[in-house]
Amino acid sequence: MALMQRGRDFLGTDYAILCGAMSWVSERNLVAAISNAGAFGVIACGAMTPELLDAEIAGTKALTAKPFGVNLITMHPQLFDLIAVCAKHKVGHVVLAGGIPPKGSVEAIKDFGAKVLVFAPTLALAKKLLRSGADALVIEGSEAGGHIGPVATSVLAQEFLPALAEDHVVFVAGGIGRGEMIASYLEMGASGVQLGTRFACATESIAHPNFKQAFFRANARDAVASVQVDPRLPVIPVRALKNKGTEEFTAKQREVAALLDAGKIEMGEAQLEIEHFWAGALRRAVIDGDVENGSVMAGQSVGMVTKEQPAAEIVAELMAESEAALS
């Protein structure tokens, strides 16, 4: 608890454990359960419209009085409208993900008193974002599920924490499945951690039983990163369990590249086309239970997810393992 103090103060929670924003999974039920357990739930806005986000925040508030955050994708065409929805509900923390925050977005969030969390793949960019007003940083390694960067969490932690942890709030994410790992990053200077995969199969998660079963069957090597077919396509790699859907994504990239060649779409549209593909593929797996053709996004810590547990039990287990490691 002492090592987590700065993170706990920043989040306003008992434990400095963030839940990574997982599209379709990180909705009101799971977010509220994690916050009620003393950790910090985060709504995954993803491709939601401002109206949908409005309803989701209101729904979450009806289930918890504890702090929670909202994750917004920087390339969302209605980003500033979504920020206005967060302002309306007086959301305390906004996570900007998926790219460099566009001009004015950090200021717009801070204007209504919220704290801003950002992701940065390099130390130089991290320093720039923190100088530009970001309140906290999440460093996420390639072991994570969903959209990933190219460098392992252990390497990022060694690079970023000695340079930033003394003066800034830094959370470490990617491949964390047990409390011993949390303890080690806290000892290195992290203010807290972020986990996604471990919470995806919580009892309160609305993910389809087929989706959860796919997690229980999988091991670390089943969670593979997607391949970039065309270097011109700004495709951020995505880590998911290997299936037919993984192959379909490769075909989708070829299709979008052909449209680019023909001059039928612009680069920005191409990126959105890819994002919409992922949103649809993820929905097929999470909501419909089609784990063969959908996208079963999972981090390499998936092998440590072996059963359905209430969010509170997962948090308690992680904290007990962490305390045992430190003592």
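Below: a short report on this structure. (Residues numbered from 1 in each chain as written. Predicted model: local features only at pLDDT ≥ 70, side-chain atom pairs only at ≥ 80, totals over all residues. Heavy atoms only, no water.)

**A short note on the packing of aromatic side chains**
For clarity, the threshold we go by: Centres within 6.5 Å make a pair out of two Phe, Tyr or Trp rings, where for Trp the six-membered ring is used; the pair is then stacked when the planes are under 30 degrees apart, edge-to-face when over 60, and tilted otherwise. The helix and strand labels rest on DSSP assignments: H or I over at least four residues marks a helix, E over at least two residues marks a strand, and numbering proceeds from the N terminus. Here the term buried applies to any residue with accessible area under 20% of the maximum for its type, exposed to any over 50%, and partly exposed to those in between, with areas from a 1.4 Å probe on protein chains only. Any Lys NZ or Arg CZ found within 6 Å of a ring centre and within 35 degrees of that ring's normal is scored as a charge over the ring.
For the structure shown, the criterion picks out 5 aromatic pairs. Taken together, a centroid distance of 6.2 Å and an interplanar angle of 50° make the contact between F10 and F171 tilted. Of the two residues, F10 is situated in helix 1 (residues 5-11) and F171 in strand 8 (residues 169-173); the sequence distance between them amounts to 161 residues. Note on accessibility: F10 and F171 belong to one class, buried. Of the aromatic side chains, those joined through ring pairs into one cluster are F249, F277 and W278. The ring centre of W24 lies 5.2 Å from the NZ or CZ of R283, which sits over that ring.

**Focus on the packing of helix 8 (residues 179-187) against helix 13 (residues 311-326)**
Let me state the cut-off plainly: Axis definition: a line fitted to C-alpha atoms, over the contacting stretch in the case of helices. Angles run 0 to 180 degrees between N-to-C directions. Small angles under 35 degrees read as roughly parallel and large ones over 145 as roughly antiparallel, with 65 to 115 read as roughly perpendicular and the rest as oblique. Two helices cross in a left-handed way if the nearer one is turned anticlockwise from the farther one by less than a right angle. They cross in a right-handed way if the turn is clockwise. Contacts were defined at the residue level, with two residues in contact if any of their heavy atoms lie within 4.5 Å. Basically, the charged four are Asp, Glu, Lys and Arg, the nonpolar ten are Ala, Val, Leu, Ile, Met, Phe, Trp, Tyr, Cys and Pro, and anything else, Gly included, counts as polar.
Two numbers describe how helix 8 lies on helix 13: the axes approach to 7 Å, and their chain directions differ by 60°. Relative to helix 13, helix 8 is oriented oblique. Helix 8 and helix 13 meet at a crossing whose hand is right-handed. Across the interface between the two elements, G179, E180, I182, A183 and E187 from helix 8 touch L318, E321, S322, A325 and L326 from helix 13. Its residues assigned to classes, the contact of helix 8 with helix 13 shows 5 nonpolar, 2 polar and 3 charged.

**Concerning the environment of Y15**
Inspection of the secondary structure puts Y15 in the loop between helix 1 and strand 1 (17-19). On a C-alpha basis, the gap between Y15 and Q5 in space is 8.4 Å, while along the polypeptide they are 10 residues apart. Here Y15 is in contact with M1, M4, R8, A37, G38, A39, V315 and M319, once residues within four sequence places are set aside.

Honestly, it's all geometry; don't read function into it.
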